[in-house]
Amino acid sequence: LLCTVQIAAHTVSDVPAKAASLSPGRYAFSVKLDTAMFASGGVEAEVIVPAGLTAPAPAVVFFHGNSRDKKLYKKAANFLTAAATGKAIIISVQNWWPLSGDRVEAFDDSRRATNLLVRKLVAAGMVNGERVYLAGFSAGGFTAIASFVQNLSYNEMMGDPEANSFNYAGVISMKGSFYP
């Protein structure tokens, strides 16, 4: 028997100095998974830092609803920004479930990329790792719930703990027309 060890070679965008210092603005990030099912070009995200935050700040990860628009994540979380002022960072992530042509298992690319991105933001001192919440609208709500549950059920047999697990503080799903 020959034992092999798989070494993950994921890449996550560097954290800009302005973002790390919580300078208000919108910051683009990309996560390239070494074993993506559908997001072979990477999962894109936008980190929105509102005014009035001190590091490390709470964060809300938001997944958009059913759309084939690969850039929807750039505006889908806009409704959260005013309420986030002085309270939380918003991390808006591409939801690969609808982007894959409705292959529900594609949510896992978004989940794993989100775990890696959140870990990077926590390590940079931007985000309080004990106060990160998942949220989504419609199909994004499903992605948020499925991500939360999948992370709760992580075990060593899944491998790659950096991508496959993160201890989120909570989850909220905003109902759309996709599911009751």
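Residues numbered from 1 in each chain as written. Predicted model: local features only at pLDDT ≥ 70, side-chain atom pairs only at ≥ 80, totals over all residues. Heavy atoms only, no water.

Taken over all residues, the pLDDT of the protein has a mean of 90, while the share at 70 or more is 92%. Considering only residues more than four positions removed or in separate chains, one finds that residues 1-6, a stretch of pLDDT under 50, has two contacts. (pLDDT = per-residue confidence, 0-100. Contact = heavy atoms within 4.5 Å.)

Once that is clear, we can look at the packing of helix H5 (residues 107-123) against helix H6 (residues 139-152). In contact at an axis separation of 10 Å, H5 and H6 are set at 65 degrees when each is read in the N-to-C sense. Between H5 and H6 lies a crossing whose hand is right-handed. Between H5, through Phe107, Asp108, Arg111 and Asn115, and H6, the contact on the second element is made entirely by Thr143, Ala146, Ser147, Gln150 and Asn151. For the contact of H5 with H6, a count of residues per class yields two nonpolar, five polar and two charged. (Axes fitted to C-alpha atoms, helices over the stretch in contact; angles between N-to-C directions. Helix = DSSP H or I, 4+ residues; strand = E, 2+ residues; numbered from the N terminus. Left-handed = near helix turned anticlockwise from the far one by under 90°. Nonpolar A, V, L, I, M, F, W, Y, C, P; charged D, E, K, R; others polar.)

Here we take up the sheet that holds strand E1 (residues 11-12). Within the open sheet, the seven strands sit side by side as E1-E2-E3-E5-E4-E6-E7. Their pairing is mixed. The outermost strands of the open sheet, each flanked by one partner alone, are E1 and strand E7 (170-174). Against the sheet, H6 touches strand E4 (57-63), strand E6 (127-137) and E7, its axis set at about 140 degrees to E6. (Pairing = 2+ DSSP bridges.)

With that out of the way, let us pick up a nonpolar patch on the surface. Together, Ile145, Val149 and Val171 make up an exposed nonpolar region whose accessible area comes to about 210 Å². Within the element layout of this structure, Val149 appears in helix H6. According to the relative accessible area criterion, Val149 is partly exposed, its value standing at 46%. (Patch = residues over 30% accessible without salt bridge, like charges linked within 9 Å, V, L, I, M, F, W, Y side chains within 5 Å. Areas by Shrake-Rupley, 256 points an atom, 1.4 Å probe, with all protein chains shown as cover. Salt bridge = Lys/Arg side-chain N within 4 Å of Asp/Glu carboxyl O. Buried < 20%, exposed > 50% of the residue type's maximum accessible area, 1.4 Å probe, protein only.)

Inspection of the secondary structure assignment puts Gly129 in strand E6. Not counting residues up to four positions away in its chain, the partners in contact with Gly129 are Val122, Phe166 and Asn167.

Here E1 pairs with strand E2 (residues 25-32) via two bridges, running antiparallel. Bridge assignment links Thr11 to a residue of E2, and that residue is Lys32.

A few words on unusual backbone geometry. The linkage connecting Ala55 with the following residue, Pro56, adopts the cis geometry, with an omega of -10 degrees. Along the polypeptide, Pro56 turns up in the loop between strand E3 (43-49) and E4. Of note, Leu22 is a non-glycine position whose phi angle comes to about 60 degrees, a positive value. Topologically, Leu22 is positioned in the loop between helix H1 (17-20) and E2. Overall, Leu22 belongs to the buried group, its relative accessible area being 6%. For Asp102, which is not glycine, the phi dihedral falls at a positive 70 degrees.

What follows covers the nonpolar core. Residues Ile89, Ile91 and Met126 are the most contacted members of the largest nonpolar core, which totals 37 residues. Those elements giving two or more residues to this core turn out to be E2, E3, E4, strand E5 (89-93), helix H4 (96-99), H5, E6 and H6. The element that contributes the greatest number of residues to this core is H5, accounting for five residues. The residues contacting Ile89, other than those within four sequence positions of it, are Leu22, Val47, Ile48, Val49, Pro50, Leu53, Ala57, Pro58, Ala59, Val60, Met126 and Val127. In this structure, Ile48, Phe62, Ala77 and Leu80 belong to the second largest nonpolar core, which totals nine residues. (Core = buried A, V, L, I, M, F, W, Y, C linked by side-chain atoms within 4.5 Å.)

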